[in-house]
Each structure stands twice: as C-alpha cells, then as structure tokens.
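Survey of secondary and tertiary structure
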Amino acid sequence: MPVRHSVPAFLAALAVMLVYLTSKALLAGDFWFHGIARWELLFRPFPDWGSGAALYGALLPAKWLGTRTAMHAIGFLATVIIALCLRAYRLPAYFACEAALIETIDAVWLSRGQALGWAPPASSGAMLVSVGWVVALLATAWVFAAQSDSPARATPTAAIPPRQSAAGRWIDRHFVIVCYVVTLAYAGMKLLFAYWWWFDSTGFWMAAFRPFPDWGTGSALFGAILPARWIGTRNLAYGLFLLFGLWLAVRRGEPRMLAILLLQGALIEGFDGLWLANGKFNWLWTGQNTDFYMRGGFLWVPDLLLVGIYMMTRPVGRRA
C-alpha cells in the first residue's frame, strides 16, 4: 500500500491540520485581545501607543489580522469536518495549500525585512516556523488529496433528487450566474486590495488606521508597514483561491469549496465592519474613509451569505 493511503499517514496529516488550526486560533486571539504584545514581536511599535481613540486606531491593523487569521481557521476547520463526514478529502487539501501560500509569503516578507535591517528578536523564529508549516501543510495536502482516489473511501452513490418545478429550474439556471459574477467581483476586489496593501501601504493604511507620526525610511519604514504587507498577503491568497474555487465549481462540478470561501468572506467583512463601527461609535476613532469601508463591509455580508449558502446546496457533479 502506498504511504499516502496508509492509516498512519492519514492520522498524522489530520493531526497536523488540527494543530495548525489550534495555533491560528490562539494567534487570532492574541491579535484581537493582546494586540500590543503580539505587535511588538514582529512589527515596529508606535513611539506612543496613546489611549482611547488613538490606541484603538493604532491597533486596528492587529484586529484585522486577527480577523483574517480566525476566519481562515474556521474555513479550514469546516473543510476538515466535511472531509470526515462526506469523504470530500480534497477540500482540506486545497485549504492546506492556501495556508502554505500564506506562510510562504509571510516568510518571504520576514526575510526581506532582515535583508533591509528590520530584524526584531522574534523575526528569525517566526520565519522558521512559517517554513516548517509550509513543509507540513504541503505534506498534509499531498496525503489528503490521495484519499479521494482510495476505493475504501469512495463516495456513495447519491440519491436521485426530486424533479424540480419550472420556476426552480429557471432559478437554478440563472441564479448560479449571479453567484459567479459576485464571486468574480469579490475576488477582484480582494486582489486589488492586496496590490494596494503591498505597494501603497502608507496611503491605504491611512484610510482607516492611525498613521505613524513619522514613517521613517529603510528598515524603520519596513517594520511599520509590515502589518499592511501581511494583510495584503491574506487578501492575495484568498482572492486567488476564490478564483480557484470558482473554477472547481464551473469545470469540475465541486461547489463546496467556493461556498466555504464565500461564507468565510461574509464573516471577514462582517467582523471588519464591526471593528470599524466599534471604533467609530464606542472609541470615537474615525479614519479618512472609515464610513466607506464600514458600510462596504456590511453590504458584502448579505450578498456573500446568499451566494455562499446557495452554492453549498448545489449538487456535487453539476457543472455550470
């Protein structure tokens, strides 16, 4: 029996996924509730964190990083549950590849920072941890991707669904196109935001976050905008895998990955909007475009929920 199909390999891969999910859940909690302590491990701290509105505006990037980390972990966990319940083992394999991409780019940014002279004490350790996770996640994806080819875990034959009404057939034929258009629009927005976070970091930062009094140059500037680069990395990976999920739904008749990604996006946008609303109404922090991004996040939530739930209910194997 090939190693990929062995029970020890499968259990080891499952353990890697669960440990990774746990670590990311803890990391999200640190970003949300211990922002300063987590921030100062890798990023350039503010010369004066301040209090009240000023402190909240400075920590908003940490809140957003925590949100993206938590929602990716939730989406990953959902695929693991689906894999164990429905034998759709390729889904967590895909999410493991997305996580490996994020860890790879994080390590590249940390390495780039060291080359420029930005090397806080935790930088080398974090870079090694990211590289280790890349290897472990890719090995896990390799093992899980093989399980769907195993005869022992073949998916049972699905029951024949009841005949749809004319209205049901019309909705099914046309609404799925709306879902694909929403996915393309949302993925395009995420990829555009990734570009802005990477290449217009200070300008995009000031749209909602508290800017540094002096951004500096060289290593100081890199350390200050490194959180923006990490937010951009997560937007890039998410946008690319949304497009991949769309391809799976259209060409392979596998809508579940796209559904999970869309529902994950609804949670991200909802939490982003809540963090901005909390800052505006409870802490009196308002950035240059707080209202725009807060309302935009809340407007995306029902759209993504609607199309995500619809895609989750589409039968597997039905192509567009």
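First things first, this report covers the structure right here in the doc. Counting restarts for each chain: residues are numbered from 1 in the order of the written sequence. Only residues with pLDDT of at least 70 get local features here, since the model is predicted, and only at 80 or more are side-chain atom pairs given and counted; chain-wide, interface and lining totals rely on the full set of residues. In computing side-chain properties, one takes all heavy atoms of the structure into account and sets aside hydrogens as well as water.

1. Considering the overall build of the protein
Just so we agree on the cut-off: Helix and strand assignments come from DSSP, with helices taken as H or I runs of at least 4 residues and strands as E runs of at least 2, each series counted from the N terminus. We compute the radius of gyration from the C-alpha atoms alone; for a globule the expected value is 2.2 Å times N to the 0.38, where N is the number of residues. Throughout this description, buried means an accessible area under 20% of the type-specific maximum (1.4 Å probe, protein chains only), exposed means over 50%, and partly exposed covers the range between. Computed with a 1.4 Å probe, the accessible areas rest on the Shrake-Rupley method; for each residue, only the protein chains presented here act as cover. Under this rule, positive means Lys or Arg and negative means Asp or Glu; His and the chain ends count for nothing. Here the site of a charge means NZ on Lys, CZ on Arg, CG on Asp, or CD on Glu.
In terms of regular secondary structure, the protein is built from 10 helices and zero strands. Ordering the α and β elements of the protein from the N terminus gives α-α-α-α-α-α-α-α-α-α. For a compact globule of 320 residues, the expected C-alpha radius of gyration is about 20 Å, and the protein comes in at 21 Å, within 12% of that figure. For the C-alpha atoms alone, the extent of the protein along its principal axes is close to 65 × 50 × 30 Å. The proportion of buried residues among the 320 residues of the protein is 52%. Summing over all exposed atoms, the protein offers an accessible surface of approximately 14,700 Å²; the carbon and sulfur share of this is 69%. Charge centroids of the protein, computed over 25 positive and 15 negative side chains, lie 11 Å from each other.

2. Brief notes about the pattern of salt bridges
Let me state the cut-off plainly: Within this document, salt bridges are pairs made up of a side-chain nitrogen of Lys or Arg and a carboxyl oxygen of Asp or Glu, the two lying within 4 Å of each other.
In the structure shown here, the tally under the stated rule is seven salt bridges. In this structure, Asp 272 and Arg 68 form a salt bridge, with 2.7 Å as the shortest nitrogen-oxygen distance. Here Asp 272 is found in helix H9 (residues 256–281), whereas its partner Arg 68 is found in helix H3 (residues 52–86), with 204 residues between them in sequence. Considered together, Asp 272 and Arg 68 belong to a single accessibility category, that of buried residues.

3. Re the nonpolar core
Across soluble globular proteins, nonpolar side chains show a tendency to be buried alongside one another. Quick note on the threshold: Buried residues of nine kinds, namely Ala, Val, Leu, Ile, Met, Phe, Trp, Tyr and Cys, make up a nonpolar core once their side-chain atoms join them within 4.5 Å. In this description, contact between two residues means that some pair of their heavy atoms is separated by no more than 4.5 Å.
The biggest cluster of nonpolar side chains holds 103 residues, and the ones touching the most others in it are Phe 76 and Met 311. Beyond its immediate stretch of four places on either side in the chain, Phe 76 contacts Met 17, Tyr 20, Leu 21, Pro 92, Phe 95, Ala 96, Ala 99 and Leu 137.

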